[in-house]
Amino acid sequence: MTNENAAVYFVDRHIEEGRADKPAFREADGEHRTLTYGDLHEQAGRWAGALHKHGVRREERVAMIVRDQIEFPVVFWGSLKAGAIPVPLNTLLSASVYEAILNDSRASILVVSEQLWETVKPAVDGNRYLRTVVVIGDAPEGTESYTDFVAGAEIEETCEASADELAFWLYSSGSTGTPKGVRHVHGSLKATCDTFGAQVLGIREDDTVFSVAKMFFAYGLGNAMSFPMSVGATTVLMGGRPTPDGVSALLADEKPTVFCAVPTLYAAMVAAQEKAGTDPVHSVRICTSAGEALPREIGERWQRLWKAEIVDGVGSTEMLHIFLSNRPGDIVYGTSGKAVPGYEVRLVDEHDEDVAEGDVGELLVRGPSSAEGYWNRRFKSMDTFQGHWTRTGDKYERTPEGRFVYCGRTDDMFKVSGIWVSPFEVEQALIDHPCVLEAAVVAREDEKDLVKPAAYIVLKEGVEAPTPEAIKDFVKEKIGMWKYPRWIEVVDELPKTATGKIQRFKLRDAH
Ligand code: 3SK
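Conventions we followed
Residues numbered from 1 in each chain as written. Predicted model: local features only at pLDDT ≥ 70, side-chain atom pairs only at ≥ 80, totals over all residues. Heavy atoms only, no water. Domains from an automatic or database assignment. 1 Å grid on protein atoms, 1.4 Å probe; cavity = no way out; pocket = protein on both sides within 12 Å on 5 of 7 lines; lining within 4 Å. Points joined across faces, edges and corners; volume = space filled by probe spheres on them. Helix = DSSP H or I, 4+ residues; strand = E, 2+ residues; numbered from the N terminus. Pairing = 2+ DSSP bridges. Buried < 20%, exposed > 50% of the residue type's maximum accessible area, 1.4 Å probe, protein only. Near = heavy atom within 4 Å. Polar contact = N/O pair within 3.5 Å; in protein donor to acceptor, adjacent residues only side chain to side chain. Areas by Shrake-Rupley, 256 points an atom, 1.4 Å probe, with all protein chains shown as cover. Nonpolar A, V, L, I, M, F, W, Y, C, P; charged D, E, K, R; others polar.

### Overview of the domain arrangement of the chain
Okay, so step 1: When cut into domains, the chain gives domain 1 (6-187) and domain 2 (414-509).
Okay, so step 2: Each of domain 1 and domain 2 was reduced to a C-alpha centroid, and the two centroids are 41 Å apart.

Structure below.
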């Protein structure tokens, strides 16, 4: 029987194929370390040995609150090699959310970057399941340092696993906030590389990749880890927060050829570059965007300045990566493109019937990388994973050319005077205004209890605030009388998930 453990394909194969000396990961900040494919093979094997030495058995969960640094791939792949289940967690959560997730996952080992320990510590005190907390860096009392944990451990071979066997979990908080453990199998990692990675992105061995989306997020895990590792390419890691200036400097200094980001960052970088009035310095041949739909204006302005296309697509933690996407050389900004080869999509109404051409429907997807289900959420799993089809909760419409246009989350859409309004369409119109950087639109009841759009906007730096009436007229002109926001509130920032999705429910609840 061939061993279908994903670590064989992503880690061990590179040694047989002669890439032991090739850099797999390079840190652009912190200690600026490099991890070759050979180092990764050895260190991941040692991590597997250390897990066994500390009594960790197959299927036990290894929670990771680890920044984008070279230990991330070592712990992730080393855990797979041992048959344990790595559970990378968002590094920006609060102690109370970590406490809930650590209890829910019943992880027996937790690995934490030293910079995050102060936040994580209260979540660990009193946890009944954790046997060991490993800190990457100096180990505070009651924890073990990463160096001590692996010291003296044997380098282990990759254990046998089948492609259908559970490999890792990711916690998804979606746009509503309650984290759910999404359980993925070994075969799904390669499936996303064979589909989006190879057939849309066209990732190559000579590529250097930089992903603004961190590796704890499914989008970042594919961009920065599985895609480059599927072809023996190199990834540049940034442990700290990706600011527009920091990312511009990284693009100039580290010269990645593939750049993966989210719409918020593209918008901020475009605004900063236009203000600077200079040409950006970079070697990027292709960019990707996901997390939320990329506004048309931002895509067009980026391409004018950087002279590199942004391949905008949509994916989900449940499907592991992007399943609907534009293609290099065939980009229509403002759309999410067409199904990625290997995936099928449908738009359905509230009775699960396919909608008529031009109508809005919920997007369902089927393909080789869907998750096995949510941990401990039987009914939620049944609602989302329906046989071969996975419900996305996103509303889309299909253009006559077969491209999909995002309309909003199922629970964000609302009717005004009996006609559906997509908050996303109103937001796009708002950010076309020269003074508006970002916008979020939600439903609000007026004094007659009728639902109307309300907008929250972030202004571009240094501009004079336009009057609400000027903004309303601008939107009316662009998309029609009934869709314009009746209320305009200027805010400093919009509530977002760590991966850049606007949390409209927070704006609704706050009013
Ligand atoms: O939100 C997305 O578009 C996405 C893309 C790839 C992987 C995961 C997610 C959530």
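Still to come is the rest of the account.
### Considerations on empty space enclosed by the protein
Okay, so step 1: Applying the stated criterion to the full structure yields three cavities of 30 Å³ or more.
Okay, so step 2: Looking at the largest cavity, its volume works out to about 180 Å³.
Okay, so step 3: Glu-292, Pro-295, Ile-431, Ala-439 and Ile-502 are, among the 17 residues lining the largest cavity, the residues nearest its centre.
Okay, so step 4: Residue assignment for the lining of the largest cavity shows that the elements contributing at least two residues are helix H10 (263-276), helix H13 (423-431) and strand S25 (436-445).

### Some details on the pairing of strand S15 (residues 322-325)
Okay, so step 1: Here strand S14 (residues 310-315) pairs with S15 via three bridges, running antiparallel. Across the sheet, residue Val-314 finds its bridge partner in S15, namely Leu-324.
Okay, so step 2: Hairpin geometry of S14 and S15 is characterised by an intervening segment of six residues between the two adjacent antiparallel strands and by a positive phi of about 75° at Leu-320.
Okay, so step 3: By the bridge criterion, two bridges tie S15 to strand S16 (residues 338-339) in an arrangement that is antiparallel. Each residue of the ladder has a partner; that of Ser-325, found in S16, is Lys-338.

### Focus on the pairing of strand S8 (residues 166-172)
Remark: a regular strand shows side chains that alternate across the two faces of the sheet.
Okay, so step 1: Of all seven residues that make up S8, six are buried, and the element is covered over most of its length.
Okay, so step 2: Both S8 and strand S9 (residues 180-185) contribute to a ladder of six bridges, which runs antiparallel. Looking at the pairing, Leu-166 lines up with Val-185 of S9.

### Considerations on the site of the ligand
Okay, so step 1: Around the ligand sit 13 residues in total, of which Tyr-219, Ala-290, Gly-291, Gly-315 and Lys-501 are the nearest.
Okay, so step 2: Between the ligand and Gly-291, the relevant distance is 3.0 Å, taken from an oxygen atom to a main-chain nitrogen or oxygen of the residue.
Okay, so step 3: In the model, an oxygen atom of the ligand is placed 3.0 Å from a nitrogen or oxygen of the Gly-315 main chain.
Okay, so step 4: Burial of the ligand by the surrounding chains reaches 97%, relative to a free accessible area of 280 Å².
Okay, so step 5: Among the elements of the structure, helix H8 (218-231) and S14 are those that each provide at least two residues to the shell around the ligand.
Okay, so step 6: Considering only residue class, the shell around the ligand consists of seven nonpolar, five polar and one charged.

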